[in-house]
Amino acid sequence: MSEPLPVVYLARHGETAWSISGQHTGLTDLPLTVRGERNARRLADRLKGLSFRKVFTSPLQRAMRTCELAGFGAQAEIDRDLLEWNYGEYEGRRTEEIHAERPDWQLFRDGCPGGESPQQVGARADRVGKRTREIQGNVLIFSSGHILRVLTARWLGLEPAGGKYLLLSTASLSVLGYEHNLFQPVVQLWNDTNHASS
């Protein structure tokens, strides 16, 4: 009988004030809300009984705190490639405000002035994917929505723009893996929030 194929669990950070208001939150280091902390703790129950060869987290406090409350803070390694998209001039702004100035703007196509392009975020996601694939065992990653969406697109062999089709809720859990062998990457679970409260 062959060894089970490794899987990569993706945990998006819990709710912040800006995730409620819809403001683009790249490098602004916001704390979790009370509900964000509660849902991060519920991730611990959701992940109970699972073991991971490696755990990685973004250095931003919203991801690190989610990781800690989920019970993995002591074993987590910080990975700067897991930082959220740098929104540059669009940091803290809502999509509707940006569309008032640039009606045809799309993050996953155009990137952000003074911030990162989709290709730059894709290059970071590729580095994370490469390191993850080199680990012989299951991996758990805590980070933010847009970088995890690009990471998933790249995992599947899609361009970074493919992330636009993959919506992620706060405190959600997703699973990347393989179908029959390491050459057939798939999404096994996406945007699971059954453990979270509204």
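Rules and cut-offs
Residues numbered from 1 in each chain as written. Predicted model: local features only at pLDDT ≥ 70, side-chain atom pairs only at ≥ 80, totals over all residues. Heavy atoms only, no water. Salt bridge = Lys/Arg side-chain N within 4 Å of Asp/Glu carboxyl O. Helix = DSSP H or I, 4+ residues; strand = E, 2+ residues; numbered from the N terminus. Axes fitted to C-alpha atoms, helices over the stretch in contact; angles between N-to-C directions. Left-handed = near helix turned anticlockwise from the far one by under 90°. Contact = heavy atoms within 4.5 Å. Nonpolar A, V, L, I, M, F, W, Y, C, P; charged D, E, K, R; others polar. Core = buried A, V, L, I, M, F, W, Y, C linked by side-chain atoms within 4.5 Å. Buried < 20%, exposed > 50% of the residue type's maximum accessible area, 1.4 Å probe, protein only. Parallel < 35°, antiparallel > 145°, perpendicular 65-115°, else oblique. Pairing = 2+ DSSP bridges.

Colleague: Help me out: how do you make sense of the pattern of salt bridges in this one?
Modeller: Oppositely charged side chains can form a pair if their charged atoms are brought close together. Applying the stated rule across the entire model yields 16 salt bridges. A salt bridge links D81 to R127, with the shortest nitrogen-to-oxygen separation between them at 2.8 Å. Placement of the pair is D81 in the loop between β3 (76-78) and α4 (95-101) and R127 in helix α6 (residues 118-134), with a sequence separation of 46 residues. With its nearest N and O atoms 2.8 Å apart, the salt bridge here joins R154 to D126. Taken together, the positions of R154 in helix α7 (residues 145-155) and D126 in helix α6 put the pair 28 residues apart, joining distant regions of the chain.

Colleague: Could you clarify how one ought to interpret the packing of α6 against α7 in this entry?
Modeller: Here α6 crosses α7 at 65°, and the two axes come no closer than 9 Å. The hand of the α6/α7 crossing is right-handed. Side by side, α6 and α7 meet where V121, G122, R124, A125, D126, V128, G129, T132 and R133 of the first sit next to I147, V150, L151, R154 and W155 of the second. Residues belonging to the contact of α6 with α7 are distributed by class as follows: 7 nonpolar, 3 polar and 4 charged.

Colleague: Sorry if this is basic, but what is going on with the nonpolar core here?
Modeller: Inside soluble globular proteins, nonpolar side chains tend to come together where they are buried. In this structure, V8, L10, W85, L107, C112, I141 and L151 are the most contacted members of the largest nonpolar core, which totals 26 residues. Of all the secondary structure elements, the ones that give two or more residues to this core are β1 (8-12), α5 (107-110), α6, β4 (139-143), α7 and β5 (173-178). The biggest single contributor to this core is α7, with 5 residues. If near-sequence neighbours (up to four positions away) are discounted, L151 is found in contact with L10, A125, V128, G129 and I141.

Colleague: Mind showing me how you'd approach the packing of helix α2 (residues 34-47) against helix α3 (residues 61-69) here?
Modeller: Between α2 and α3, the least distance of the axes is 7 Å, while the angle of their chain directions is 45°. The angle between α2 and α3 falls in the class oblique. For α2 against α3, the interelement crossing comes out right-handed. Contacts between α2 and α3 pair E37, A40, R41, L43 and A44 from the former with R65, T66 and L69 from the latter. Residue composition of the contact of α2 with α3, grouped by class: 4 nonpolar, 1 polar and 3 charged.

Colleague: What exactly am I supposed to notice about α7 here?
Modeller: By the criterion of burial, α7 is predominantly enclosed, with 10 of the 11 residues buried. Looking only at α7, the buried set comprises G145, H146, I147, L148, R149, V150, L151, T152, A153 and W155. Buried residues along α7 sit in contact with β1, α5, α6, β4, β5 and β6 (185-192). Of the residues one or two after α7, G157 is the one with positive phi, at around 85°.

Colleague: How do you make sense of α3 when you look at a structure like this?
Modeller: Residue pairs spaced three or four apart in an α-helix point in one direction, given the helix's 3.6 residues per turn. Along α3, the positions that sit buried rather than exposed are R62, A63, T66, C67 and L69. Where the residues of α3 are buried, they touch β1, α2, β2 (54-57), β3 and β4. G71, located one to two residues past α3, shows a positive phi value of around 95°.

Colleague: Any chance you could explain the environment of P4 here in plain terms?
Modeller: Looking at the element boundaries, P4 is found in the segment before β1. In this structure the C-alpha to C-alpha distance between P4 and W18, which are 14 residues apart in sequence, comes to 39 Å.

Colleague: Just checking my understanding: could you explain the sheet that holds β3 for this structure?
Modeller: Through backbone hydrogen bonds, the strands of a sheet pair up, either in parallel or in antiparallel fashion. Strand order in the open sheet made by the 6 strands is β3-β2-β4-β1-β5-β6, with mixed pairing throughout. Every other strand in the sheet has two partners, leaving β3 and β6 as the edge strands with one partner each. Between one strand and the next, the sheet's axes are offset by a mean angle of 20°, whatever the strand orientation. With 5 bridges connecting them, β1 and β4 associate as parallel partners. Its bridge partner lying in β4, R12 is registered against S143. The sheet strands contacting α2 are β1, β4, β5 and β6, and the helix crosses β5 at an angle near 40°. In the packing of α6 onto the sheet, the strands contacted are β1, β4, β5 and β6, and the crossing angle to β4 comes to about 155°.

Worth remembering: the numbers are spatial, not functional.
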